[in-house]
Amino acid sequence: MGLIDDKYAMLGGDHGFLGPPKSPGEDFGRGRRRRYAFGEIRLDPTADPKEAFEVHGAILDHLRTVESPKDPWFPTSDELMTRDGAGRISYFDGAAIVWRKDLGAFAVQGAIYNKWVRIGGVRSAVGYPISDEHASTPPTRRSTFEHGVIDWPGHDWRAFAVHGPILAAWQSPQGASLGGVLTDETPAADGSRFTRFEHGLIRWTKATGAVIVP
């Protein structure tokens, strides 16, 4: 428990925001943890470098709903402020849990998480998550965000973001026939933007708005 004890001391011990211990150190999945009055410190001994991190508050509450008891998530950071200063985030191996006061806490993981990070995270066109990853139709995995969605078709590691007027057109009754998304929104030489789907595309211009092209 040395690294966990060191972390606890660094955070202020009994007088820090985690409060006094509620349990002795315990094995937890592939790692170790100790629970405190207002949070936990977890250690993944397979990580390099080995370092213990804290989880607390609404992010910890949500973590307990998304992780499996047989395969718990281990943090790779303490809780941090989001890049826009409006929320809080804790990073895990290939995932994050993000909290904002008006939205609550939600997990982003796997290929969808990787895509979200690449396009700018909370500062991207889709913004903060407002759902955990869930099944969607056509057969795919989806996370819903403030201003869009990121879909993962499941057949490779590519996930695609759809947002704005193109998303609205795709979610209309006419857009249902287009099927799953195949590309991100892409700029064209004529100033338009388009997203390709299984059975067509949606093209947007300032003059026409979003137009479905079967």
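Residues numbered from 1 in each chain as written. Predicted model: local features only at pLDDT ≥ 70, side-chain atom pairs only at ≥ 80, totals over all residues. Heavy atoms only, no water.

Could you give an account of the overall build of the protein, with specific residues and numbers?
Counting its regular elements, the protein contains 4 helices and 16 strands. Across its three principal directions, the C-alpha atoms of the protein cover 60 × 30 × 30 Å. Burial statistics for the protein: of 214 residues in total, 45% are counted as buried. Expressed as a percentage of contacts within the protein between residues at least 6 apart in sequence, the contacts between residues at least 24 apart total 35%. Carbon and sulfur atoms provide 55% of the accessible area of the protein, an area that totals close to 10,900 Å². Computed over 25 positive and 27 negative side-chain charges, the separation of the two mean positions in the protein equals 3 Å. (Helix = DSSP H or I, 4+ residues; strand = E, 2+ residues; numbered from the N terminus. Buried < 20%, exposed > 50% of the residue type's maximum accessible area, 1.4 Å probe, protein only. Contact = heavy atoms within 4.5 Å. Areas by Shrake-Rupley, 256 points an atom, 1.4 Å probe, with all protein chains shown as cover. Lys, Arg positive; Asp, Glu negative; His and termini not counted. Charge placed at Lys NZ, Arg CZ, Asp CG, Glu CD.)

Provide a residue-level description of the layout of surface pockets, including the pertinent values.
Left-over empty space is what a probe sized like a water molecule reveals as it rolls over the atoms. As a volume, the largest pocket reaches approximately 190 Å³. In terms of lining residues, the largest pocket is bounded by 13 residues, among which Arg-30, Asp-71, Pro-72, Trp-73 and Asp-93 are the most central. Here the second largest pocket defines a volume of roughly 160 Å³. Lining of the second largest pocket is provided by Leu-80, Met-81, Thr-82, Arg-83, Ile-89, Tyr-91, Trp-116, Val-117, Gly-120, Gly-121 and Val-122. Those elements that place two or more of their residues in the lining of the second largest pocket are strand E5 (80-81), strand E6 (88-92) and helix H3 (110-118). The residue makeup of the lining of the second largest pocket, split by class, is 7 nonpolar, 3 polar and 1 charged. (1 Å grid on protein atoms, 1.4 Å probe; cavity = no way out; pocket = protein on both sides within 12 Å on 5 of 7 lines; lining within 4 Å. Points joined across faces, edges and corners; volume = space filled by probe spheres on them. Nonpolar A, V, L, I, M, F, W, Y, C, P; charged D, E, K, R; others polar.)

Go over the pattern of salt bridges, please, and point to the residues and values.
Under the definition given, this model contains 18 salt bridges. For Arg-33, the salt bridge goes to Glu-40, with nearest N and O atoms at 3.1 Å. In this structure, Arg-33 and Glu-40 share a single accessibility class: buried. For Glu-146, the salt bridge goes to Arg-100, with nearest N and O atoms at 3.0 Å. On the criterion of sequence distance, the pair formed by Glu-146 in the loop between strand E10 (140-145) and strand E11 (148-152) and Arg-100 in strand E7 (residues 95-100) is long-range, its members being 46 residues apart. (Salt bridge = Lys/Arg side-chain N within 4 Å of Asp/Glu carboxyl O.)

Any details on the pairing of E11? Residues and values, ideally.
The buried fraction of E11 amounts to 5 of the 5 residues, a majority that puts the element mostly inside the structure. Of the two faces of E11, the one holding Gly-148, Ile-150 and Trp-152 and the one holding Val-149 and Asp-151 are both buried throughout. As defined by bridge partners, E10 adjoins E11 across 5 bridges and the pair is classed as antiparallel. Looking across to E11, one finds that Phe-145 is bridged to Gly-148. Sheet topology note: the E11/strand E12 (residues 160-163) ladder contains 4 bridges and is antiparallel. Looking across to E12, one finds that Gly-148 is bridged to His-163. (Pairing = 2+ DSSP bridges.)

With reference to specific residues and values, describe the nonpolar core.
Counting 16 residues, the largest nonpolar core has Ile-112, Trp-116, Phe-145 and Ile-150 as its most contacted members. Put simply, the parts of the chain that give this core at least two residues each are E7, H3 and E11. Trp-116 has contacts with Ile-89, Val-98, Val-108, Gly-121, Val-122, Ser-124, Val-126, Gly-127, Pro-129, Phe-145 and Ile-150, leaving out every residue within four places of it along the chain. Grouped together as the second largest cluster of nonpolar side chains are 11 residues, Ile-166, Ala-169, Leu-178 and Val-181 included. (Core = buried A, V, L, I, M, F, W, Y, C linked by side-chain atoms within 4.5 Å.)

Go over the environment of Tyr-113, please, and point to the residues and values.
With respect to the helices and strands, the residue Tyr-113 is situated in helix H3. When sequence neighbours within four positions are dropped, the list of residues in contact with Tyr-113 reads Tyr-91, Gly-94, Ala-95, Ala-96 and Val-108.

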